[in-house]
Amino acid sequence: MSSVSGAAAPGRGAKTAVKSSMWRQSVRLLLKNKLAIAGLVIVVLMFLACFIGPMFSPYADNKTNMRIMNRAPNLQHWLGTDKLGRDVLTRVLLAGRISLTVGLASMVLSVTLGTLLGALSGFFRGVVDQVIMRVADLLLTIPSLPLLFIFGALLSDWKVPPENRMYIVMLILSLVNWPSMARMIRGQMLSLREREFMQATTVLGLNNKRKLFHHLLPNLIPLIIVIATLNIGGAILSESVLSFFGLGVTAPTPTWGNMIDAANNLIDFQERPWLWMPPGLSIFITVIAINIFGDGLRDVLDPKQKR
Amino acid sequence: MPETENKIPAGSGAAAAANEPQKGPAPAASPEPLLEIEHLKTYFPVKSGLWGRTKAHVKAVDDISLTLRAGETFGLVGESGSGKSTVGRSIVRLTDKTAGEIRYRGQDLYAMPERELRRLRPKIQLIFQDPYSSLNPRVRIGDAIGEAMLQHGLASPDNVREQVLEVLELCGLPRYHIDRFPHEFSGGQRQRVGIARALAMNPDLIIADEPVSALDVSIQAQIINLFRKLQRERGLTYLFISHDLSVVEHLCSRIGVMYLGSMVETAPRAELFGNPLHPYTKALLSAVPVPVPKLKRERIVLQGDIPSPVNPPSGCKFHTRCPLAFDRCKAEVPEFRDMGGEHFVACHLA
């Protein structure tokens, strides 16, 4: 009998570990990180508030009412009203829908694009790699803010209808964000493919499809999750910046960025803080919460990257 | 369960035979050459500068010839950096050769297209040194073993699980391990998984690259016994790469000693241990620990380190450290001469 030392106790044998205990372990670790969980809770609350909250608001129709313009917070309007007499609280929540959607959608786009191109680059190397990486380099050499401005200005120039601008802003943001994502995935890919278990797949004669989808991508998923999470915060911020400068989503559709922009004058700034404080704080809290959660995720899923 | 164990070679063997261009049935232990390596050279370029120009070459394997016969166990020994692992990796084309020829059953492994090579791959399997990094942490071991069987048509989706279970059992792993992840295993168990994975391909040749060096001694013995058992049952041919002479002595029928990319001596086990002819082999053998503390032996201690393989010494590569070196060694490369009884040595003094 050649029983291996340290083998599982015979009684445990019947119960096979069907679920990946790796993921379960990660969840357990994450739950221990109070700060990260607080971040997650805030993000979830923010989403719930923005997507469900306006349904309970009597002012959700966004109607203007000149008789109650620029009112300070009171019992009817908890966060006051703006210069067209619209309820600020309702508008902040509605704006949150747009900002969060844009953040989420552009993250999904840029992560998909970045992962795909980065994986192709790192897996096939050679010419494919050169072409993809040079395009990425080109996009990375231009600072992203001016690039966003140029795209935004083009949007205005092409007279894109306001209700469609949101979707184009998503595209623009992901176009700016994918290169860094692709680079990270490519780097990880290059390091993975030199690992012994990947050489083993070569010796076993597995085909590229199997190697890529069954061996490489599963090892990238933790990294992708972490980057994706942190990416949402960045995208929300970029969208706000763009909208603040009037180049992103424009009025009448509210976003956190263009709400602050609407209050961008001395009187509003000095006398009516309820106009710009709520959207500003929303951006601040949401982005900080997402980043804290993302950091916690990174500690759990990608321990090597710990500062 | 001897019955199930016997079923494996029969079942999967039939599928493999259809898959593989083979000249008739291969007899178990015959003098027919299974693998021939002729004048193999594997150099690694040393690049430097902005344009990555090749400045020099690390001559990891420098003109090695070797013939493996079906059913034998050939031990390849040498110190770190002697190029023994590179020989193994060059055979399976993980590292591309620079020159020379490697033939498996007469087919040049480097002359065939990628597709054909992939079909041949199951026949030559590599077992890695480090059982911790050679298994993908995110793939269940059942999948790790089964996926290659499926790809090469050695199993069908209906019976792959059964076949994996059989291989696991053959390698001394309980059946319920099949759905586990590598991190749930100890080093010895992982190495068994690595062996099972190679074995599932129903190979003819297994290249074991220091398969027990990462394990502690009690586990080493178990794994070595497993290697012997599998060879008995499957008629496998091993190329066993190791720096541990006592392990090699236990397992191998023929042994080759490498130094700085060159083969200095090959001989059958008894001959090599009883009558070593090369000064390097002698020095190595004198360093093997013997479990008899009273026994006084003459220990040959080599001076200095192994020279750089980028710029190996002229003549006999060993002359810089050889206690017996004389003028001719510096100038003339010693011929790899047949000393009779399959004993070959590359030394002017032999």
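Thresholds applied
Residues numbered from 1 in each chain as written. Chains lettered and ligands numbered in written order. Predicted model: local features only at pLDDT ≥ 70, side-chain atom pairs only at ≥ 80, totals over all residues. Heavy atoms only, no water. Helix = DSSP H or I, 4+ residues; strand = E, 2+ residues; numbered from the N terminus. Buried < 20%, exposed > 50% of the residue type's maximum accessible area, 1.4 Å probe, protein only. Contact = heavy atoms within 4.5 Å. Areas by Shrake-Rupley, 256 points an atom, 1.4 Å probe, with all protein chains shown as cover. Polar contact = N/O pair within 3.5 Å; in protein donor to acceptor, adjacent residues only side chain to side chain. Core = buried A, V, L, I, M, F, W, Y, C linked by side-chain atoms within 4.5 Å. pLDDT = per-residue confidence, 0-100. Phe/Tyr/Trp six-rings, centres within 6.5 Å; stacked < 30°, edge-to-face > 60°. Pairing = 2+ DSSP bridges. Axes fitted to C-alpha atoms, helices over the stretch in contact; angles between N-to-C directions. Parallel < 35°, antiparallel > 145°, perpendicular 65-115°, else oblique. Left-handed = near helix turned anticlockwise from the far one by under 90°.

Participant: Let's hear about the overall build of chain A: which residues, and what values?
Facilitator: Looking only at helices and strands, one finds 11 helices and zero strands in chain A. Along chain A, helices (α) and strands (β) appear in the sequence α-α-α-α-α-α-α-α-α-α-α when read from the amino end. Here chain A holds 307 residues, and the buried ones make up 45% of them. Here the contacts in chain A between residues at least 6 apart in sequence split such that 70% fall between residues at least 24 apart.

Participant: Explain the overall build of chain B to me, using residue names and the numbers behind them.
Facilitator: Broken down by element type, chain B carries 11 helices and 12 strands. Seen through its C-alpha atoms, chain B measures out along the principal axes to roughly 70 × 60 × 45 Å. In chain B, buried positions account for 52% of the 350 residues. When the accessible surface of chain B is split by element, carbon and sulfur atoms take 52% of a total near 15400 Å².

Participant: Quick one: what's the story with the side chain of Gln 191 of chain B, residue by residue and with numbers?
Facilitator: All names here are of chain B. Tracing the sequence through the fold places Gln 191 in helix α6 (residues 187-199). Polar side-chain contacts of Gln 191 include one of 3.2 Å to the backbone oxygen of Phe 128. If near-sequence neighbours (up to four positions away) are discounted, Gln 191 is found in contact with Ile 127, Phe 128, Gln 129, Pro 131, Pro 211, Leu 215 and Ile 223.

Participant: Help me get a handle on the nonpolar core, residues and values and all.
Facilitator: By size, the foremost hydrophobic cluster in this structure holds 62 residues, and its most contacted members are Ile 145, Leu 168, Ile 195, Leu 199, Phe 227, Leu 230 and Phe 240 of chain B. Core analysis: the next-biggest nonpolar cluster, separate from the first, contains 36 residues, Val 92, Leu 93, Leu 212 and Ile 283 of chain A among them.

Participant: Go over unusual backbone geometry with me, naming the residues and quoting the values.
Facilitator: Its identity is not glycine, yet Arg 125 of chain A carries a phi of approximately 50 degrees, on the positive side. Relative to the elements of secondary structure, Arg 125 of chain A occurs in the loop between α3 (88-124) and α4 (126-141). On the basis of relative accessible area, Arg 125 of chain A is assigned to the partly exposed category, the value being 36%. Here Arg 105 of chain B, not a glycine, exhibits a phi torsion of approximately 50 degrees, which is positive. Topologically, Arg 105 of chain B is positioned in the loop between β4 (99-104) and β5 (107-108). Arg 105 of chain B gets classed as buried once you look at its relative accessible area, which sits at 10%.

Participant: Tell me about the confidence of the model for chain A, and name the residues and values.
Facilitator: Residues and elements named next belong to chain A. In this model, chain A carries a mean pLDDT of 82, and residues with pLDDT of at least 70 account for 91%. Here helix α1 (residues 21-32) stands out as the element of chain A with the lowest mean pLDDT, 79, in contrast to helix α7 (residues 196-203), whose mean of 92 is the highest. This stretch, residues 1-18, has a pLDDT under 50; its non-local contacts, to residues over four places away or in other chains, come to 21 contacts.

Participant: Summarise the side chain of Arg 254 of chain B; cite the residues concerned and give the values.
Facilitator: All names here are of chain B. Considering the arrangement of structural elements, one finds Arg 254 in strand β9 (residues 254-259). Relative accessible area serves as the criterion here: at 10%, Arg 254 is assigned to the buried category. Beyond its immediate stretch of four places on either side in the chain, Arg 254 contacts Thr 67, Leu 68, Arg 69, Glu 72, Thr 73, Phe 74, Gly 75, Ala 267, Pro 268, Arg 269 and Glu 342.

Participant: Any chance you could break down the confidence of the model for chain B for me, citing the residues and the numbers?
Facilitator: Summing up the model confidence of chain B, the mean pLDDT is 85 and the portion of residues at 70 or higher is 91%. Predicted complex metrics record ipTM = 0.81 and pTM = 0.77.

Participant: So what about the environment of Val 27 of chain A? Which residues, and what values?
Facilitator: Mapped onto the secondary structure, Val 27 of chain A falls in helix α1. Sequence-wise, Val 27 of chain A and Leu 154 of chain A are 127 residues apart; in three dimensions their C-alpha atoms are separated by 44 Å.

Participant: Give a description of the packing of aromatic side chains that names residues and reports values.
Facilitator: Under the criterion given, the structure shown has 10 aromatic pairs over all chains. With centroids separated by 5.0 Å and ring planes inclined at 90 degrees, the aromatic side chains of Phe 123 of chain A and Phe 124 of chain A adopt a geometry described as edge-to-face. A residue is classified by how much of its surface remains accessible, and Phe 123 of chain A, at 11% relative accessible area, is buried. Ring geometry for Phe 227 of chain B against Tyr 238 of chain B: centres 5.2 Å apart, planes inclined by 85 degrees, an arrangement best described as edge-to-face. With Phe 227 of chain B in helix α7 (residues 217-234) and Tyr 238 of chain B in strand β8 (residues 237-242), this residue pair connects regions lying 11 residues apart in the sequence. Owing to a relative accessible area of 0%, Phe 227 of chain B belongs among the buried residues under this scheme.

Participant: I'd love a proper account of the sheet that holds strand β3 (residues 73-77) of chain B, names of residues and values included.
Facilitator: All names here are of chain B. Here we have eight strands laid out as an open sheet, ordered β6-β7-β8-β3-β9-β10-β12-β11, and mixed in their pairing. Each edge of the open sheet is held by one strand with a lone partner, namely β6 (124-127) and β11 (337-338). The pairing of β6 with strand β7 (residues 205-209) spans four bridges and is classified as parallel. Bridge pairing in β7 links Gln 125 to Ile 206.

Participant: Describe the packing of helix α2 (residues 34-52) of chain A against α3 of chain A, with residues and values.
Facilitator: Residues and elements named next belong to chain A. As a packed pair, α2 and α3 sit with axes 8 Å apart at the nearest point and diverge in direction by 120 degrees. Looking at the two axes, α2 sits oblique to α3. Like other packed secondary-structure pairs, α2 and α3 cross with a definite hand, here left-handed. Contacts between α2 and α3 involve Met 46, Phe 47, Ala 49, Cys 50 and Phe 51 from the first element and Leu 93, Gly 96, Arg 97, Leu 100, Thr 101 and Leu 104 from the second.

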